[in-house]
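# Chains, contacts and geometry: an overview
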Amino acid sequence: MTRARIVVLTATESPRHACRCLVALAVCTLPAAQRARYAEEFSDELLELPHGEQLGYALRLLGRSWALRHVLNDSLRNSRVPRPRPIPVFATVAAVLVIAFSGVGVGVGARAAEPGDRLWSLTKVLYTEHARSVEAAVVARAHLEQASDALAQGRAGEALIALARVEDELQVVDDQESRAEQEMGAEQLRDVLAERPLSGVLTGKRGYR
Amino acid sequence: MTLPTQLVIRTLLYEPTREMYGLEICAAAELPSGTIHPILARLEQAGWLESRWEDVDPTEKGRPRRRYYRLTSDGAELARTALARAATSSAAVARLRPHLAGGAA
């Protein structure tokens, strides 16, 4: 008998028991090493809630369990070695010329510049790929903020569009830490969106949950 | 940074040295119970939060132990910075992607 079927059967016997089963299912989705911790934590929270709130808690917990699993498995995913990108010929030549005529400091400074800095235009010439990555990270973060604000104000369609733009921008972000952080942020928002009854909005071609 | 994450961080920053457990954080942040564990796990993984089990005997208490969370000293500092940055980052779109300025739609 499947776990889901067991839950359905027990729900008819005792709502409290059904809540415990849902919590157990949520724990089952987590990495084995973390199950004992969260089983105890979730059980405590379930018991501390009034009976009328327990089912909602257990369902939300189950709905979030894959996001939690994703976070707990993050360290494994982040250990992937990023593939080095080839350095464009034009940028290489430009870097050699600038370093030769202006000194190493300018070249290094341009590498560390950010959009809005005085050296940013030089960065775009010397480090084209890096500049594109930095710009995309900034824009992605801003779109994430837009999505968050739109969601807070109930504009789900706008939030989804902003999340799609986050996804597009992150395609060219090299900084693994920044990229992972924003991907996780976008996933959290998609989780919030998935919980809301939004007709025709959550089934876009990008497959948001 | 997403809105739920900001709400959790603001709640913890209200009294940075105070320990809070999951339901307490949900209530203070006005988020539905059962929704914040991925956020807490992410913050803990980043070193912004630390957690510990409540030091009680579950048999005496008649309930399982609570898991208490608190911002680390570095985490509190980083959280304040992140919240401030979140408040200003939306202006970046207008500068770098002018055709997208004025809303996500």
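Residues numbered from 1 in each chain as written. Chains lettered and ligands numbered in written order. Predicted model: local features only at pLDDT ≥ 70, side-chain atom pairs only at ≥ 80, totals over all residues.

### Thoughts on the overall build of chain A
- The secondary structure content of chain A amounts to 11 helices and 0 strands.
- The burial tally for chain A puts 34% of its 209 residues in the buried class.
- Counting only contacts in chain A whose residues sit at least 6 apart along the sequence, the fraction spanning at least 24 positions is 54%. (Helix = DSSP H or I, 4+ residues; strand = E, 2+ residues; numbered from the N terminus. Buried ≥ 20, exposed ≤ 12 C-beta atoms within 10 Å, placed from the backbone. Contact = placed C-beta atoms within 7 Å.)

### Concerning the packing of helix 1 (residues 3–14) of chain B against helix 2 (residues 22–29) of chain B
Residue and element names in this part refer to chain B.
- Running from amino to carboxyl end, helix 1 crosses helix 2 at an angle of 105 degrees, the nearest separation of the two axes being 9 Å. By the angle between their directions, the pair helix 1 and helix 2 is classed as roughly perpendicular. The segment helix 1 lies against helix 2, with Leu7, Val8 and Thr11 engaging Ile25, Ala28 and Ala29.
- For the contact of helix 1 with helix 2, the residue count by class is 5 nonpolar, 1 polar and no charged. (Axes fitted to C-alpha atoms, helices over the stretch in contact; angles between N-to-C directions. Parallel < 35°, antiparallel > 145°, perpendicular 65-115°, else oblique. Nonpolar A, V, L, I, M, F, W, Y, C, P; charged D, E, K, R; others polar.)

### A few points about the confidence of the model for chain A
Residue and element names in this part refer to chain A.
- Per-residue pLDDT for chain A has a mean of 73; in total, 64% of the residues score no lower than 70.
- At the level of individual helices and strands, chain A shows its lowest average pLDDT in helix 1 (residues 3–13), which scores 48, and its highest in helix 4 (residues 51–72), which scores 90.
- Predicted confidence for residues 1–12 stays below pLDDT 50, and this span has 11 contacts to residues more than four positions away or in other chains. (pLDDT = per-residue confidence, 0-100.)

### Focus on unusual backbone geometry
- Positive phi, close to 60 degrees, is recorded for Glu30 of chain B, a residue that is not glycine.
- Turning to its location among the elements, Glu30 of chain B is positioned in the loop between helix 2 and helix 3 (37–45).

### Description of the interface of chain B and chain A
- Listed as interface residues are 33 residues of chain B and, on the opposing side, 41 residues of chain A.
- For the side of chain B that touches chain A, the element with the most residues is helix 3 of chain B, which contributes 6 residues.

### Some thoughts on the nonpolar core
- Counting 34 residues, the largest nonpolar core has Leu22, Val23, Ala26, Phe42, Ala58 and Leu61 of chain A together with Leu40 of chain B as its most contacted members.
- Breaking this core down by element, the ones donating at least two residues are helix 2 (15–28), helix 3 (32–48) and helix 4 of chain A together with helix 1, helix 2, helix 3 and strand 3 (67–71) of chain B.
- Listed in part, the 24 residues of the second largest apolar core include Ala131, Ala162 and Val173 of chain A together with Leu3 of chain B. (Core = buried A, V, L, I, M, F, W, Y, C linked by C-beta atoms within 7 Å.)

### Observations concerning helix 2 of chain B
- Those residues of helix 2 of chain B not exposed but buried are Gly22, Cys26 and Ala29 of chain B. Viewed along the axis of helix 2 of chain B, the buried residues span an arc of 80 degrees, placing them on a single side of the element.
- Tucked inside the fold, the buried residues of helix 2 of chain B contact helix 3 of chain A together with helix 1, strand 1 (20–21), helix 3 and strand 3 of chain B. (Arc of directions from axis to C-beta.)

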